[in-house]
Each structure stands twice: as C-alpha cells, then as structure tokens.
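Structural overview for review
If you want the building blocks of each chain, they are given just below.
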Amino acid sequence: MADEPRVERTEEEWREHLTPAQYDVLRRAGTEPAFAGEYVYNKESGEYRCAACATMLFSADTKFDSGTGWPSFTEPAVAQAVELRPDRSYGMDRTEVLCRVCGSHLGHVFDDGPGPTGQRYCINSLALSFDAAGEPAPAGSSSSTPGPDEADAGEHPQ
Ligand SMILES: [Zn+2]
C-alpha cells in the first residue's frame with residue numbers, strides 16, 4: 001500500500017487552506033449546526049468531494065432527506081475513500097467517518113438508513129465541496145473550451 005495517495009499538511013497549512021468554519025469541522029471534528037449547512041437541501045445531481053483535498057466521496061444519487069438537518073447519504077461513492085473509526089466521545093457510541101486521503105473529519109455513520117445497506121452517512125456540509133453534474137453549456141460557445149485553469153495555485157511565497 002505504499003502508493004496509496006495521501007495528502008498531508010501541517011495544521012498551519014490547513015488553517016491557511018480552509019475557512020475557520022471548515023477547519024473546525026474537518027480538523028477538529030466539529031459539527032455544524034443542524035439545518036444550517038449549505039448542502040442540507042441540495043437535490044442537484046453531482047458529486048460531493050472532500051472540502052479539504054477534493055477526493056470524490058459521495059454521489060448525489062445516494063443522498064436522501066433524513067430530516068436530521070445534515071446532508072445524508074446511504075453509502076460512499078467509493079468505499080475506499082472513507083475511513084470508519086469508533087468514536088466514544090460525548091458519552092455516545094458512534095462511528096466517525098473520515099476522509100481516507102487526508103484524514104479529515106467528515107461526520108458519522110449510523111445504522112438507521114433507508115437503503116439496502118441500512119446505513120446513514122451523516123456528513124457536515126462544511127466538509128464537502130459540491131460539483132454539479134450536467135451543467136448546461138453556454139449556448140453558442142465552442143465545445144472545445146475548457147474552464148479557467150486553476151492549476152496555477154502556487155501564489156504563496158515561502
Ligand atoms: Zn480529504
């Protein structure tokens with residue numbers, strides 16, 4: 001498993017990379033207030049990626065309205081993308097869900113889901129970055145024009 005992709009940053013780098021609210025959830029295992037997250041009611045089709053490292057985590061196809069106030073999914077898009085870990089904090093017996101690539105906290109998984117797996121991945125919106133699928137191309141534009149290239153992100157001098 002030596003070639004397993006991993007993203008490692010120092011806590012200082014994470015602070016620069018993330019908003020304070022994202023940092024609290026992703027790196028301090030915080031929880032956003034119920035019904036406050038950006039994606040609670042999002043029903044668009046697309047992909048939910050890790051807000052910290054952009055790994056594809058959940059597909060909108062598996063999202064359902066759990067009524068809990070957090071985005072809920074029946075299963076990860078890629079099983080290996082998430083890591084499950086027992087979490088006995090706050091006197092509760094829960095299973096924490098982390099991004100396997102960068103180790104960031106995403107939320108928890110419970111056994112009361114509606115799908116064939118019976119699982120409910122309860123994930124903070126702040127831990128996710130949504131990529132809408134099938135956005136209509138602007139009318140009359142060339143079909144061969146990609147979006148702006150964001151690869152040039154190295155603006156931080158040492
Ligand atoms: Zn990640």
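If you're wondering where the values come from, they're calculated on a predicted model, not measured in any experiment. (Residues numbered from 1 in each chain as written. Predicted model: local features only at pLDDT ≥ 70, side-chain atom pairs only at ≥ 80, totals over all residues.)

This part takes up the overall build of the protein chain. What the protein chain contains, in helices and strands, is two helices and nine strands. Its helices and strands in sequence order give the protein chain the pattern α-α-β-β-β-β-β-β-β-β-β, from N to C terminus. Considering the protein chain as a whole, with its 158 residues, one finds that 29% of them fall into the buried category. Counting contacts in the protein chain only where the partners sit at least 6 residues apart, residues at least 24 apart contribute 55% of the total. (Helix = DSSP H or I, 4+ residues; strand = E, 2+ residues; numbered from the N terminus. Buried ≥ 20, exposed ≤ 12 C-beta atoms within 10 Å, placed from the backbone. Contact = placed C-beta atoms within 7 Å.)

Along helix H2 (residues 20–28), the positions that sit buried rather than exposed are Gln22, Val25 and Leu26. In an axial view of H2, the angular spread of the buried residues amounts to 85 degrees, which keeps them on one side of the axis. Counted as exposed and oriented over 90 degrees from the buried face of H2: Pro20 and Arg28. Trailing H2 by a residue or two, Ala29 shows a phi angle of about 55 degrees, which is positive. (Arc of directions from axis to C-beta.)

Here we take up the nonpolar core. Within the largest apolar cluster, 27 residues are counted, with the highest numbers of intra-cluster contacts made by Cys50, Cys99, Ile123 and Ala127. Put simply, the parts of the chain that give this core at least two residues each are H2, strand S1 (46–50), strand S2 (56–59), strand S6 (94–99), strand S7 (105–110) and strand S8 (120–123). (Core = buried A, V, L, I, M, F, W, Y, C linked by C-beta atoms within 7 Å.)

Moving on to the environment of Glu38. Relative to the elements of secondary structure, Glu38 occurs in the loop between H2 and S1. Considering only alpha carbons, one finds Glu38 and Asn124, 86 residues apart in sequence, at a separation of 9.1 Å.

Another point: the sheet that holds strand S5 (residues 82–87). Strands sit in the order S3-S4-S8-S7-S6-S5 across an open sheet of six strands; the sheet is antiparallel. Among the strands making up the open sheet, the edge pair consists of strand S3 (63–64) and S5. Sheet topology note: the S7/S8 ladder contains four bridges and is antiparallel. Its bridge partner being in S8, His108 is matched across the sheet by Cys122. (Pairing = 2+ DSSP bridges.)

With that settled, consider the pairing of S5. On any regular strand, side chains alternate: one points to one face of the sheet, the next to the other face. Relative to S6, S5 runs antiparallel, the two being bridged by six bridges. Within S6, the position partnered with Arg85 by the bridge is Glu96. Counting the residues that bridge the hairpin from S5 to S6 gives six residues, and of these Tyr90 lies at a positive phi of roughly 60 degrees.

On to the environment of Gly115. You can see Gly115 is positioned in the loop between S7 and S8. With 12 C-beta atoms counted inside 10 Å, the residue Gly115 sits in the exposed group. Residues Gly115 and Thr62, 53 residues apart in the sequence, show an inter-C-alpha distance of 8.7 Å. Residues contacting Gly115, with those up to four places away along its chain left out, are Thr74 and Glu75.

Pairing within the open sheet is antiparallel, and its three strands lie in the order S2-S1-S9. The two strands at the open ends of the sheet, each matched to only one other strand, are S2 and strand S9 (128–132). Shown here is a sheet whose adjacent strand axes are inclined to one another by a mean of 30 degrees, direction ignored. Here five bridges tie S1 to S9, and the two strands are oriented antiparallel to one another. Bridge pairing in S9 places Gly46 opposite Ala132. (Axes fitted to C-alpha atoms, helices over the stretch in contact; angles between N-to-C directions.)

Now for the environment of Gly30. Here Gly30 is to be found in the loop between H2 and S1. We classify Gly30 as partly exposed; it has 15 C-beta atoms within 10 Å. Once residues within four sequence positions are removed from consideration, Gly30 is found in contact with Asp24 and Val25.

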